[in-house]
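Descriptive structure summary
Residues per chain are reported as follows:
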Amino acid sequence: MLSPQELGHLTDDIEKIWQELEDELLADMAQRIVKNDYAFPSTAAWNKQKLEGIGVEYDYIVRQLSRTLKLSEKQVKRIIGESVQAAVDTDNLIFKAAAEAGLLGSVTDTSELISKFIADGVKSTNGELRNFARTYAADASKLYEHAVDQAYLQVTNGFYTAQQASQTAIEQLARQGITSAITPSGRREHADVIVRRAVRTGTNQAALKAQEANFFAMGAQLVEVTAHYGARPSHAEWQGKVYEWVKPGQQKKTSYPDFISSTGYGTGAGLGGWNCRHSFYPFFEELSERAYEPLNTQETDRVYELEQEQRYNERMIREWTRRQKTLEAGCYDANKEREKVKEWKKRNDSLIKANPDVLKKNYANSKVAFAKRGKTVLEEFLEAATPKKGNIFFPDDYNRSIHKSEIKVAEWLLENFGGDIRLLSESKKQGVKTPDYDWDGKFWDLKEISTNAAADSAIRKGLKQISSNPGGIILDLKSEDIELPDLLHRVNDRIKRSAKGTLHVLVKKDDVLLEVIQYIKK
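These notes cover the structure that comes with them. (Residues numbered from 1 in each chain as written. Predicted model: local features only at pLDDT ≥ 70, side-chain atom pairs only at ≥ 80, totals over all residues. Heavy atoms only, no water.)

The next point concerns the overall build of the chain. Helix and strand counts for the chain come out as 14 helices and 13 strands. Dimensions of the chain along its principal axes, counting C-alpha atoms only, are 85 × 80 × 45 Å. In the chain, which comprises 522 residues, the share counted as buried stands at 50%. Long-range pairs, those at least 24 residues apart, make up 73% of the contacts in the chain with a sequence separation of at least 6. When the accessible surface of the chain is totalled, it reaches about 25700 Å², and 49% of it is carbon and sulfur. Of the charged side chains in the chain, 76 are positive and 76 negative; the average position of the first set lies 4 Å away from that of the second. (Helix = DSSP H or I, 4+ residues; strand = E, 2+ residues; numbered from the N terminus. Buried < 20%, exposed > 50% of the residue type's maximum accessible area, 1.4 Å probe, protein only. Contact = heavy atoms within 4.5 Å. Areas by Shrake-Rupley, 256 points an atom, 1.4 Å probe, with all protein chains shown as cover. Lys, Arg positive; Asp, Glu negative; His and termini not counted. Charge placed at Lys NZ, Arg CZ, Asp CG, Glu CD.)

In structure tokens form, the structure reads like this:
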């Protein structure tokens, strides 16, 4: 089984790769548009130069797409391989417990079959991305051709100077971005949206097919479907329930509703279909405890609306960021766009702050997959919290006037997570730095950072300060310009080089906990 949270963040890294591609292509187009000479004595001469320019730009598009596809294909192979195996391994733990309880005859080895589903899923998804890349290259090239044609016509007709025409063309590029239509509806979408849907759907379908084959090989009968707040209304009707899965041609044996007809499994609109985050796992009446209860309908609707609003805010942040970068690449003023980015970020922060029980900021859109050592444990950390239970202690010689930030964060920790928090006085020994807190018997240090580059030094120093009894480091972000994916990669690299024990890194901004990473000593 893959949880809704896992499925929700599978594609964060790969989306960012395609967002960066769009930014790079638009920046290159903007720079070429500015350099173009639009004063030609004849249309034939202009067409000759235009075709040469389009050819050069197309070659650049193909090179960048090729690089992006290589990165994407590696990501797809990793995502599907790890996700399918994790889903089957989780189910097999239940099957093993059922066999030990005498509810199954034995646990069948399906590893070869699972490997085939992984390979098929990778091949199918990467094939879909390659097909899309061909469409995308053509769409990007047409966008550039249209932009330079418009600029040329505006100059030759005397409407604008070359500089004005270039600026107008670049502003249009920035507003529109590069979009493609690959669905029957003809709706045009940006690359990151298309790739997210393809990879998420491909991964979940590969996992579900592997689970299905495993399920029937084990001779199981019942499944429980996962549930999450914010599910689309049509899925909210059947999530979080137990069903009987009957193979074609067989008769039902229980009173549980039929899995296929209830959930639409196997169809685009049903469980495991387009962009779906639901999954299932085996259920045994004499063994299993319900992991999901049907969720409150009003609360599900509330979360759905809030998440839709958050996604809209994030799209607007992305759109104005794209406009800003494109105009800057053409050396035009982007102050308006820069202010819009700040405005939408502030609006999104306010939404998150007003609904901390539901929303957390989605940088990158948000999370980053960590190589080998780091593990995102935000959900587990929040579930284990005991808000407001505990106390804050101050030593007699603690200088409160110069440690206002440390005190404020200690109050935030108690309010949101609980525990006994002891603020620690500075060491009187020269060159010796003490950690800021003893939190439930472990040392923690607070680091405020305003740039991504500052993370490396902050983590290195914090690790020294907590080294004798490591609990973790709290990174308090003090700038809107920090990019969380890049920041967390820097943190991960430093931890891998320097950490000597198991610890956590908490990342916060204002009063919002953005991420919790657990590093386990090997």
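Let us now look at the sheet that holds strand S5 (residues 280–283). Pairing is antiparallel in the open sheet, where three strands are placed in the order S4-S3-S5. If you trace the sheet from one side to the other, it starts and ends with strand S4 (242–244) and S5, each paired once. Across the sheet, the axes of successive neighbouring strands diverge by a mean angle of 40°, strand direction being ignored. As judged from the four bridges shared by strand S3 (residues 222–225) and S5, these two strands associate in the antiparallel manner. Bridge pairing in S5 places Glu224 opposite Tyr281. (Pairing = 2+ DSSP bridges. Axes fitted to C-alpha atoms, helices over the stretch in contact; angles between N-to-C directions.)

On to the nonpolar core. Among the nonpolar cores identified, the biggest contains 58 residues, and Trp18, Met29 and Ile33 are the most heavily contacted of them. Sorting the residues of this core by element identifies helix H2 (12–35), helix H3 (43–100), helix H4 (111–156), helix H5 (162–176), helix H6 (191–217) and helix H9 (297–329) as the ones contributing at least two each. Here the element with the most residues in this core is H4; it accounts for 16 residues. Leave out the neighbours within four places in its chain, and Ile33 touches Tyr38, Tyr144, Ala147, Val148, Ser166, Ala169, Ile170 and Leu173. With 25 residues, the next largest nonpolar core counts Ile459, Leu488, Val505 and Leu514 among its residues. (Core = buried A, V, L, I, M, F, W, Y, C linked by side-chain atoms within 4.5 Å.)

Let us now look at H4. In this model, H4 (46 residues) spans 67 Å end to end at C-alpha, consistent with the 68 Å of a helix rising 1.5 Å per residue. Just beyond H4, the residue with positive phi is Gly158, at close to 80°. (Expected span 1.5 Å × (residues − 1).)

Moving on, we come to the layout of surface pockets. Its volume calculated, the second largest pocket comes out at about 330 Å³. As for the second largest pocket, its lining consists of 17 residues, and the residues nearest its centre are Phe381, Trp439, Asp440, Trp444 and His504. Of all the secondary structure elements, the ones that give two or more residues to the lining of the second largest pocket are helix H11 (378–384), strand S10 (442–449), strand S11 (470–477) and strand S12 (503–509). Residue composition of the lining of the second largest pocket, grouped by class: eight nonpolar, six polar and three charged. (1 Å grid on protein atoms, 1.4 Å probe; cavity = no way out; pocket = protein on both sides within 12 Å on 5 of 7 lines; lining within 4 Å. Points joined across faces, edges and corners; volume = space filled by probe spheres on them. Nonpolar A, V, L, I, M, F, W, Y, C, P; charged D, E, K, R; others polar.)

This brings us to the pattern of salt bridges. One pass over the structure, following the stated rule, counts 29 salt bridges. Between Lys252 and Glu244 there is a salt bridge, with its nearest N and O atoms 3.0 Å apart. Given the relative accessible area of 1%, Glu244 is considered buried. Among the ionic pairs, Lys447 bridges to Asp445, the shortest N-O distance being 3.0 Å. Since its relative accessible area comes to 15%, Lys447 is described here as buried. The class of Asp445 is buried, set by a relative accessible area of 0%. (Salt bridge = Lys/Arg side-chain N within 4 Å of Asp/Glu carboxyl O.)

Before going further, it helps to spend a moment on the packing of H2 against H9. Where H2 meets H9, the axes come as close as 8 Å, and the angle between the chain directions of the two elements is 35°. H2 and H9 meet at a crossing whose hand is right-handed. Judged by residue contacts, Gln19, Glu22, Asp23, Leu26, Ala27, Ala30 and Gln31 of H2 engage Arg318, Arg322, Lys325, Thr326 and Ala329 from H9. Partitioning the contact of H2 with H9 into residue classes produces four nonpolar, three polar and five charged. (Left-handed = near helix turned anticlockwise from the far one by under 90°.)

So, about unusual backbone geometry. A positive phi angle is found at Asp440, which is not glycine, with a value near 50°. Tracing the chain through its elements places Asp440 in the loop between strand S9 (437–439) and S10. Positive phi outside glycine occurs at Asp510, with the angle close to 55°. Here Asp510 lies in the loop between S12 and strand S13 (512–519). For Asp510, a relative accessible area of 42% translates into the label partly exposed.

On to empty space enclosed by the protein, then. Taken as a whole, this structure holds two cavities of 30 Å³ or more when the rule is applied. Lining the largest cavity we find Leu143, His146, Ala147, Gln150, Ala169, Gln172, Leu173 and Gln176. Sorting the residues of the lining of the largest cavity by element identifies H4 and H5 as the ones contributing at least two each. Classifying every residue of the lining of the largest cavity gives four nonpolar, four polar and no charged.

Take a positive patch on the surface next. Positive charge collects at one region of the surface, where Lys433, Arg460, Lys461 and Lys464 lie side by side. Relative to the helices and strands, Lys464 resides in helix H13 (residues 454–466). Judged by its relative accessible area of 62%, Lys464 is exposed. (Patch = residues over 30% accessible without salt bridge, like charges linked within 9 Å, V, L, I, M, F, W, Y side chains within 5 Å.)

Let us look at the environment of Leu103. With respect to the element layout, Leu103 can be found in the loop between H3 and H4. Residues Leu103 and Ala119 lie 16 residues apart in sequence; the distance between their C-alpha atoms is 32 Å. Residues within four places of Leu103 in sequence aside, it is in contact with Ala98, Phe284, Glu286 and Leu287.

Nothing here speaks to function; it is all geometry.
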